[in-house]
Each structure stands twice: as structure tokens, then as C-alpha cells.
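Analysis of the macromolecular model
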Amino acid sequence: MEDGSAPNTVNYYMPHHAVLREDKVTTKLRVVFDASSHDIGFPSLNDCLLTGPNLNPDLLSILIKFRLNEIAFTADIKKAFLQISLAEKDRDAVRFLWLTAPPHEEAGETLCVLRMTRVMFGVSPIPFLLAATVRKHLKEYEDQLPEVVKIIKESLYVDDLISSASDVENAFSITTGAREIMSAAGMDLCKWTTNCAALKEKWKTTMSEPSEETETHGSVLKVLGLVWRTKTDEFVFDLTALLDAVAKRENTKRSVLKLSARIFDPIGFLTPFTVRVKCLFQEMWIRGLGWDEELPTDLAQEWKGWCSELPQIHHIHIPRWYGIKSVHRHDAHQLHVFCDASEKAYSTVAYLLRVAEDGAKTTCLVASKSRLAPLKKISLPRLELMGAVIGARLGNSLLKPLNLELHQVHMWTDSMIVLQWIRSPAHKWKQFVSNRVSEIQSLTNPAMWSHCKGKFNPADLPTRGQTATNLKESDLWWKGPSFLTALNQLEERDEDQSDEDVTSELKQGQQVIVQLSSGSDEK
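All of the points below concern the structure found in this document.

How each quantity is defined
- Residues numbered from 1 in each chain as written.
- Predicted model: local features only at pLDDT ≥ 70, side-chain atom pairs only at ≥ 80, totals over all residues.
- Heavy atoms only, no water.
- Helix = DSSP H or I, 4+ residues; strand = E, 2+ residues; numbered from the N terminus.
- Expected span 1.5 Å × (residues − 1).
- Buried < 20%, exposed > 50% of the residue type's maximum accessible area, 1.4 Å probe, protein only.
- Contact = heavy atoms within 4.5 Å.
- Polar contact = N/O pair within 3.5 Å; in protein donor to acceptor, adjacent residues only side chain to side chain.
- Phe/Tyr/Trp six-rings, centres within 6.5 Å; stacked < 30°, edge-to-face > 60°.
- Core = buried A, V, L, I, M, F, W, Y, C linked by side-chain atoms within 4.5 Å.
- 1 Å grid on protein atoms, 1.4 Å probe; cavity = no way out; pocket = protein on both sides within 12 Å on 5 of 7 lines; lining within 4 Å.
- Points joined across faces, edges and corners; volume = space filled by probe spheres on them.
- Nonpolar A, V, L, I, M, F, W, Y, C, P; charged D, E, K, R; others polar.
- Pairing = 2+ DSSP bridges.
- Axes fitted to C-alpha atoms, helices over the stretch in contact; angles between N-to-C directions.
- Parallel < 35°, antiparallel > 145°, perpendicular 65-115°, else oblique.
- Left-handed = near helix turned anticlockwise from the far one by under 90°.

To continue, consider helix α4 (residues 168–183). Here α4 contains 16 residues, and its C-alpha end-to-end distance of 22 Å stays within 8% of the 22 Å for a straight helix at 1.5 Å per residue. Of the residues making up α4, those classed as buried are A171, F172, I174, T175, G177, A178, I181 and M182. Its buried side turned inward, α4 meets β3 (71–77), α2 (126–138), α3 (146–155), β7 (160–165), β8 (189–194) and α5 (197–204). Where α4 begins, one side-chain oxygen reaches toward the backbone nitrogen of E169, 3.2 Å away; that side chain belongs to D167.

Let us look at helix α14 (residues 431–443). The end-to-end C-alpha distance of α14, which contains 13 residues, comes to 18 Å, matching closely the 18 Å that a straight helix rising 1.5 Å per residue would cover. Turning to α14, its buried residues are F432, V433, S434, V437, I440 and L443.

Enumeration according to the criterion identifies 19 aromatic pairs in this entry. Arranged with centres 5.4 Å apart and planes meeting at 55°, the rings of W192 and W203 form a pair that is tilted. Pair noted here: W192 is in strand β8 and W203 is in helix α5, with a separation of eleven residues, a long-range link. For the pair W192 and W203, one class covers both residues: buried. Arranged with centres 6.2 Å apart and planes meeting at 70°, the rings of F456 and F483 form a pair that is edge-to-face. Separated by 27 residues along the polypeptide, F456 in the loop between β17 (449–451) and α15 (460–464) and F483 in the loop between α17 (475–479) and α18 (499–503) bring together distant segments of the chain. For F456, a relative accessible area of 24% puts it in the partly exposed group.

Attention now goes to the nonpolar core. Membership of the largest hydrophobic core comes to 98 residues, with the highest contact counts inside it found for V366 and L402. Considering each element in turn, this core owes the most residues, eight residues, to helix α12 (residues 380–397). The contacts of V366, once residues within four sequence positions are left out, are I64, R67, I267, Y322, L335, A350, Y351, L352, L398 and L402. If you look at the next biggest cluster of nonpolar residues, it comprises 45 residues, including A75, F81, L130 and A165.

With that settled, consider empty space enclosed by the protein. Inspection of the entire model under this criterion finds two cavities of 30 Å³ or more. What the largest cavity holds in volume is close to 130 Å³. When contributions to the lining of the largest cavity are tallied by element, the ones reaching two or more residues are α2 and α3. Broken down by element, the residue count for the lining of the largest cavity peaks at six residues, all from α2. Taken together, the residues of the lining of the largest cavity sort by class into ten nonpolar, one polar and two charged. Estimates place the volume of the second largest cavity at around 40 Å³.

Moving on: the sheet that holds β8. What links the strands of a sheet is backbone hydrogen bonding, and the strands pair in either a parallel or an antiparallel sense. Taken together, four strands build an open sheet; the order of strands is β6-β7-β3-β8 and the sheet is antiparallel. Strand pairing shows two members of the sheet lacking a second neighbour, β6 (156–157) and β8, which therefore form its edges. Where β3 meets β7, six bridges bridge the pair, whose relative direction is antiparallel. Residue pairing for β7: A75 is matched across the bridge by L161.

Contact pair α4 / α5: the axes reach a minimum separation of 10 Å and the direction vectors enclose 40°. Viewed along their axes, α4 and α5 adopt a mutual orientation that is oblique. In the packing of α4 onto α5, the handedness of the crossing is right-handed. Residues V168, E169, A171, F172 and T175 of α4 pack against A198, L199, K202 and W203 of α5. Tallied by class, the residues present in the contact of α4 with α5 amount to six nonpolar, one polar and two charged.

Written out as C-alpha cells, the structure is:
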């Protein structure tokens, strides 16, 4: 920071305030600037700036990779934004007022004008500037440490490095290489944490100071919003703050949205539980309730029941590691994606299957997605097709982070109607079905799709909702259907295919009538 100003420049004064975070280990007190403030009729600083493209990797992909290997480790860049200098000509646009402490007790505080000389959090293009600066720096090491550079690009989310490795030596090589690369740019990686005691010991030989995060709070850590217990290597949900807020809740639509949105679940572990409150919120819209209007008795009772189950979420522990070792055989790993729908919602859930050398099979939940059924009523087969669409999207998006190829993916639905639509040319069907079948066929091979019985379909759980207790104890949800680990995976059917349902989506034949007239005809 510096005072003074350059001539002939635009001046902008940013309000600022202190944010106290007791859960942080190093910097508990931060100064946050508001570059979106403005006077009536005048733009804010953020209004005048381009945010730039998003250069950060997909958050879900990072978390998937984080679970892929046995040894996990995290770190973050020390004061990342403050390592990037701001051009002299731009510093008057980031002015702020500051009270200086009096040199003597009898003197009063002095108000002065300061300017930031480094980029700061709160200005819209800053995430792009940080990512672009890191990428420019990484180019210098692409020939020296190509594997480490690749991992940093794929595992660095803003200033957090989150990754995993198959063994201690590999993890140590990656972490030391990453520290060397980032330190050369003045961006020191700090607060190293891992679930592996052997890796911690190796770090002590190279790190001048032990990681404060590891030494003091190593048992519990937040990784991109997820709570990770390093000692047990599990993900858990810490809803303490939410439970405190629920105790003081109001039975209004605003309260339902505000409180339910505080459950952060990007992977979709709790989808069968959280979908219930989404359905409740949709019902409030259907009834036209106001934001602060008291809920009717039936909805209030449902909201109360959902809130009463929240403490049970504390007892759900999800292994961070899939428990599946990396192997070089192409057929050793498979991704199985299930799709389903009901009148309330449609969903998809994916499982990773590993086939060992002796033929033994193990499975684990990878990710899930769900959507509420639209308010405009549509047929159940069409909803099943919409579930197949998000299933195809999910399966395709998981290929890269799981290091799989398309032929290793298996798609499942319990609708024979949808299966026939997918296995037929898209142009045969009406526009609604045709558009979605086209997308499915562009993301997957129709031969990858199979039928499974509805009672074995785990994607059925998020379409109907589950209590927290049932979710915790559901092997179908956490491990997938039992036939995945059977010796033979057979295509099974439990519904009669209705020709009428299938053919109702066929395009109607069109008859073209051409009328010819002679140019010599008199009018």
C-alpha cells in the first residue's frame, strides 16, 4: 500500500471492513474491499472491469481426482493475490481511506488516503489475473517438470492445491516439485496437509518449518468446502452452524431456501436427502406463497421433519479414497451410470467398479446429480429420457478425471421405452425426444446402454427422497446394485414395453402436394 496519486487518472475509493474467521489457522483477521459499491447514477469499479475467462479447473473434477489415489495432500499459496503487482497507472482506482494510530496518546487519529500496489480480493478480474499469472509462470517449467506442471494446472483451484498420488515417493516428488516451481514465482505453498504419516516425515526433511495446519489442525480440514478428516481419511458434514440457525428458524419460504442452501454437497453424496427439501420448495412456488408468509400446516410439518433429521447427517462418513488401486489394464476399471425419474424429479448416479486380477469386484459411489421435474407436466417416459440426458453428461464429464475411455462406461436405465429411443436414429422421433436422443448419442454409444430392474436402480432413490437414517444405511446408494459385483452382469427387464408409448413419439408422415400451373393460362 502507498499514499499519493498519479495525475490524470480515475480515482475510486473502496469501502473496506474486517472479517474475523476463528476457524482459520494462520490469518484469522482479513481486510475485505468492496469494489462493487457505487453512488446513485455512477458505476462501481467492478462495473468498469472485464472479469476475463474462467481459467480455474472444474471443481467436481478436482474432487474426483482428489479421491482417485490412496495418498492425498493439500496446500495453498501464501497470500496469493498479494504476490501480483498492480501497474502504477491503475493504483488510483483502488484507493481507500485509513485511520492511522496516533504517535502519542494525546493526539487524535489521522485519516489518510492509501492506494493498493498489489491486486486484492474483491475486484472481479482478480481470480483470472491470478490464474493467468500462474499459467504464464508454469510455461517456463513445462520441459523440466512436465508431470508436476500438469498436476498443478489440473489441481490448483484459485490458491488451493488439492491432489493425490499412488505412493509415498510419487507424492513426495510431486509436492517438492510444486514447491520449487511456485517458490520461483514468489508464491510459497504453505499449510501442507496429508493423510499419510510417512509423507509427513519426508516433508520434515525438506521444509524449513513444519506445516502449522498439519501440526495443529491436521485431523480436520476443509477441502474446497468439504470437511476432510485426515486421520481417518473420510469426508464428513459439519452442520453445526446450520443446526444453530435451524433452531432459530422461521417457517417461511425465505427461511427454507436460506437454510437448505447452506448444505454444500458438490459431489452429490446427500442427493436423496436434499432432494426432499427441493421438492418442498417447489411446492411453495406452486401454491404461490410469499417469501415471508407463514407456511401452511402440512408444509410446515414437512419442513420441521426434514430439519429434525439434520443431526443424523453428522453420522455419515464417506471414505475419501475410492479404495481402488490404479492398474494398467484397460478393462480393470469401469464406470457404471444409472438414470431414473419419477413425477417429482429425475436423477443420475455413477459408480466406479474395479475388477481385480482374481476376478473380485469392488464398487464405490463417484458422483450424482438430480433435477426437479418441470412444473409443466410431461409424461414419465419423457422424464426418464431427461434423466438419461444428465446421466450421459455426468458419465462423459467423469472420463477425464477418472482416466477412463468411453468403452469403459456402462449406462443403465429401467425404462425400455427410453432404451428403444436411444437405440434408434434420433430423426425418427418428435422434436422433444429427437433433441435429447441426439445429445445422448453424441456423448455415448447407444450400445453402452442397458436395462436394469427398477428395484436395483440406485438412481431411483433421489427421485423419491430418503430419510437421513435410510440414506446412511443404504448399501444400494453407497455401493450400487449387487449385480455389479456378480460374476455376470445380465441385462434384466421388469416392465412390459408399450408399443403405443414408443410410437407416440414418432414423427407423423407428411404428404407434400405440388400444384403445377401453365404459364400460358389466362388470368
